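# Breakdown of the fold
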Amino acid sequence: GSLATVKSPFSTDEKPTSLQDVTSYNNYYEFGVDKGAPAAHAHTLRTSPWTVKVDGLVARPAEFSVEDLIKGSTLEERIYRMRCVEGWSMVVPWDGFPLADLIKRVEPLGSAKYVAFETAYRPEEMPGLQSMFPVLEWPYVEGLRLDEAMHPLTILAVGLYGERLPNQNGAPIRLVVPWKYGFKGIKSIARISFVEKQPETSWNRQAPDEYGFYANVNPNVDHPRWSQKTERRIGEGGLFVKRRPTLLFNGYAEEVAQLYSGMDLRKFY
Amino acid sequence: MDARSPKAAPRTAPAAARVPMIALYAVGLAPAAWLFYQGVNDNLGADPMRYLEQSLGLWALRFLVATLAVTPLRQLAGINLLRYRRLLGLLCFYYAALHWTTYLVLDQGLDLEAIWADLVKRPYITIGMATFLVLVPLAATSSNAAIRRLGGKAWARLHRLVYAAAIGAVLHFLLVVKSWPPEPLVYAAIVLALLGYRLGRSVLRRLAPKPEPRRRAA
């Protein structure tokens, strides 16, 4: 691939989902609600040049160009399971760097407890934003607790399969938090802010009883309208796909469970 | 309605009347055949089972809408497709049955425990199953013999269950999606219009000063 990466001990040895499936089956509502819509429409997004504004409760607020971020870091290949809240999953070989690297550069103040993320707002390049009946309030926003953001599994991805991210997968830079449902992985990030209070998140705003702030993958806490006990692995078995059990924290419990010790995961879903 | 002589339905376009019913069934079932063919050849995208399941359900809803459109089309536009209503209704049933079978066999892998949990805990599954069950007696009494056996009036009353099926089908669709995407909303609006038309007409008829001699089941 065109991106130089090093391997990571955090990678799973499960078989990665094919590039074709990873790049043709996407949820990116800025480009339409069908799974195929992002691949069909996201080419209109201009991803270069691109800067990410980092502000809020930090000692060194800054704007970073994606090119500088790539040059300034050792990119790692992180092969992660990705579990969508809708009940399907993939294995994606991302290329990126720990979000913690960026956080350390801006030196968060002691008052910073959460990290808020915002997708670019570009109605002229994003057909979903021009709709008369928007499916979500734009721009898409997400958030993490600071300790979740600092966790070594949490990365900013700039590529997959060794190449720069295709637009439909969130180019040029996106969040990947493998123990959370896919919608936490905000795409095409324009701004990262350090804040004191828990920030609003898009899906929580849309249906607070269905999508929580935490959105940790959890087979024991159902979506109110469907079960989360099992999942279908994309690209496995074709029509005769067999469901596999969903794992607590998407199989990353050993690494992340202590972040939530003492918390009622039914309440903080 | 039936396959008697074309003279029984004088307002039907004569060319259409000559097309044998069996050919129309073949056309109606062609999408299912195409979907299965593409599915077996792994041409249904990244999530073929889901695509098949959703497409079959959508076709069932389309034929349900078409069935419900027959009466307004006749009353408002003078287009008489009554002869094809049974065909459309049965196609709806066949697609609903395929959709249901896909859910049971391919989606849930006949895991009875999971299916039962879905049925009792998930309103969209409960509603979907109930909708399918409502369609069964309608399909079972679609023959001329059944109409004769039941008598026209009782048959017509029974077949008003199609309104419940239509409401169930759009609720099932709305409950299975995230947020409020346009497609299920559009179908909900169409069904609402088709049912609202009937409701409005029956209210108007009741309010009308002079009694109308002819009453037809809609």
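Residues numbered from 1 in each chain as written. Chains lettered and ligands numbered in written order. Predicted model: local features only at pLDDT ≥ 70, side-chain atom pairs only at ≥ 80, totals over all residues. Heavy atoms only, no water.

On to the overall build of chain A. Within chain A, the secondary structure is distributed over seven helices and 13 strands. Rg of the C-alpha trace for chain A: 17 Å, near the compact-globule value of 18 Å for 269 residues, within the 12% margin. Dimensions of chain A, computed from the C-alpha atoms along their principal axes, are close to 50 × 45 × 45 Å. Counting the 269 residues in chain A, one finds 57% classified as buried. (Helix = DSSP H or I, 4+ residues; strand = E, 2+ residues; numbered from the N terminus. Rg over C-alpha atoms; globule rule 2.2 N^0.38 Å. Buried < 20%, exposed > 50% of the residue type's maximum accessible area, 1.4 Å probe, protein only.)

The sites that UniProt annotates as "transmembrane region" (unreviewed entry) are residues 21-37, 57-75, 87-106, 122-140, 161-180 and 186-204 of chain B. The span residues 57-75 of chain B carries 100% helix and 0% strand; its end-to-end C-alpha distance comes to 29 Å. (UniProt positions renumbered as here; feature names shortened; annotations may be inferred.)

Okay, the UniProt feature "domain: Ferric oxidoreductase" (unreviewed entry) in chain B next. UniProt's feature table lists "domain: Ferric oxidoreductase" (unreviewed entry) at residues 56-169 of chain B, given in the numbering used throughout. Along residues 56-169 of chain B, the helical share is 85% and the strand share 0%, with 13 Å between the first and last C-alpha atoms.

This next bit is on the interface of chain B and chain A. Each partner contributes to the interface: chain B provides 24 residues, whereas chain A provides 25 residues. Interface area for chain B against chain A, summed over the two sides, is near 2,100 Å², with a carbon-plus-sulfur share of 53%. Our count for the chain B to chain A interface comes out at five salt bridges. Here Asp47 of chain B makes a salt bridge to Arg232 of chain A, at a shortest N to O gap of 2.4 Å. Put simply, chain B and chain A have ten residue pairs in polar contact (both at pLDDT 80 or more) between them. Here the side of chain B that touches chain A gets four residues from one element, more than from any other, and that element is helix H3 (residues 48-77) of chain B. Within the side of chain B that touches chain A, the residues separate by chemical class into 15 nonpolar, three polar and six charged. (Contact = heavy atoms within 4.5 Å. Buried area = accessible area lost by both parts, 1.4 Å probe. Salt bridge = Lys/Arg side-chain N within 4 Å of Asp/Glu carboxyl O. Polar contact = N/O pair within 3.5 Å; in protein donor to acceptor, adjacent residues only side chain to side chain. Nonpolar A, V, L, I, M, F, W, Y, C, P; charged D, E, K, R; others polar.)

Turning next to the packing of helix H5 (residues 112-121) of chain B against helix H6 (residues 123-140) of chain B. The geometry of a pair of packed helices is captured by two quantities: the angle between their axes and the separation between those axes. All names here are of chain B. Two numbers describe how H5 lies on H6: the axes approach to 5 Å, and their chain directions differ by 95°. The orientation of H5 relative to H6 falls into the category roughly perpendicular. Contacts between H5 and H6 involve Ile115, Asp118, Leu119 and Lys121 from the first element and Pro123, Ile125, Thr126 and Met129 from the second. Residues belonging to the contact of H5 with H6 are distributed by class as follows: five nonpolar, one polar and two charged. (Axes fitted to C-alpha atoms, helices over the stretch in contact; angles between N-to-C directions. Parallel < 35°, antiparallel > 145°, perpendicular 65-115°, else oblique.)

Residue and element names in this part refer to chain A. Counted residue by residue, strand E6 (residues 114-119) has five buried out of six residues, so it is predominantly covered. Here E6 pairs with strand E7 (residues 141-145) via five bridges, running antiparallel. Bridge pairing links Glu118 to Val141 in E7. Sheet topology note: the E6/strand E11 (residues 189-195) ladder contains six bridges and is antiparallel. Of the residues in E11, the one forming a bridge with Ala116 is Ser193. (Pairing = 2+ DSSP bridges.)

With respect to the helices and strands, the residue Asp107 of chain B is situated in helix H4 (residues 85-107). Within the local environment of Asp107 of chain B, its side chain forms a polar contact with the side chain of Arg243 of chain A, the two groups lying 2.3 Å apart. Excluding residues within four positions of it along the chain, Asp107 of chain B makes contact with Arg243 of chain A together with Met49, Arg50, Glu53 and Thr102 of chain B.

This next bit is on the packing of aromatic side chains. This model, assessed by the stated rule, comprises 19 aromatic pairs over all chains. Where Phe93 of chain B meets Phe132 of chain B, the ring centres are 5.7 Å apart and the plane angle is 5°; that geometry is what we call stacked. With a gap of 39 residues between them, Phe93 of chain B in helix H4 and Phe132 of chain B in helix H6 connect regions that are remote in the sequence. The same class applies to Phe93 of chain B as to Phe132 of chain B, namely buried. Pairwise contacts between aromatic rings join Tyr114, Phe213, Tyr214, Phe249, Tyr260 and Phe268 of chain A into one cluster. Here the guanidinium or amino end of Arg81 of chain A rests over the ring plane of Tyr252 of chain A, the centre of that ring lying 4.4 Å away. Above the ring of Tyr28 of chain A, the side-chain terminus of Lys187 of chain A is found at 5.3 Å from the ring centroid. (Phe/Tyr/Trp six-rings, centres within 6.5 Å; stacked < 30°, edge-to-face > 60°. Lys NZ or Arg CZ within 6 Å of the ring centre and 35° of its normal.)

All names here are of chain A. Across all of its chains, the model carries three cavities of 30 Å³ or more by this definition. Considering only enclosed or pocket space, the second largest cavity measures out at about 370 Å³ in volume. Ranked by residue count, the leading element in the lining of the second largest cavity is strand E5 (residues 88-98), at four residues. (1 Å grid on protein atoms, 1.4 Å probe; cavity = no way out; pocket = protein on both sides within 12 Å on 5 of 7 lines; lining within 4 Å. Points joined across faces, edges and corners; volume = space filled by probe spheres on them.)

For the rest of this paragraph, the subject is the sheet that holds E6 of chain A. Residue and element names in this part refer to chain A. As summarised here, the arrangement of the five strands in space is E3-E2-E11-E6-E7, forming an open sheet in which the pairing is mixed. Unpaired on one side and paired on the other, strand E3 (62-65) and E7 mark the two borders of the sheet. On average, adjacent strands in this sheet sit at an angle of 20° to one another, irrespective of strand direction.

Where side chains of opposite charge bring their charged atoms close, a pairing between them can arise. Scanning the model with the defined rule gives 28 salt bridges over all chains in all. Here Asp107 of chain B makes a salt bridge to Arg243 of chain A, at a shortest N to O gap of 2.3 Å. Residue Asp107 of chain B is located in helix H4, and its partner Arg243 of chain A is located in the loop between strand E12 (230-233) and strand E13 (244-245); the two belong to separate chains. Judged by relative accessible area, which is 5%, Asp107 of chain B ranks as buried. Look at Arg243 of chain A and you get partly exposed, because its relative accessible area is 24%. Among the ionic contacts, a cluster of salt bridges with common partners joins Glu14, Arg81, Arg83, Glu231, Arg233, Glu236 and Arg244 of chain A.

So, on to a nonpolar patch on the surface. Taken together, the side chains of Leu199, Val203 and Leu207 of chain B define a hydrophobic patch exposed on the protein surface, amounting to about 320 Å² of accessible area. In this structure, Leu199 of chain B sits in helix H10 (residues 182-207). (Patch = residues over 30% accessible without salt bridge, like charges linked within 9 Å, V, L, I, M, F, W, Y side chains within 5 Å. Areas by Shrake-Rupley, 256 points an atom, 1.4 Å probe, with all protein chains shown as cover.)

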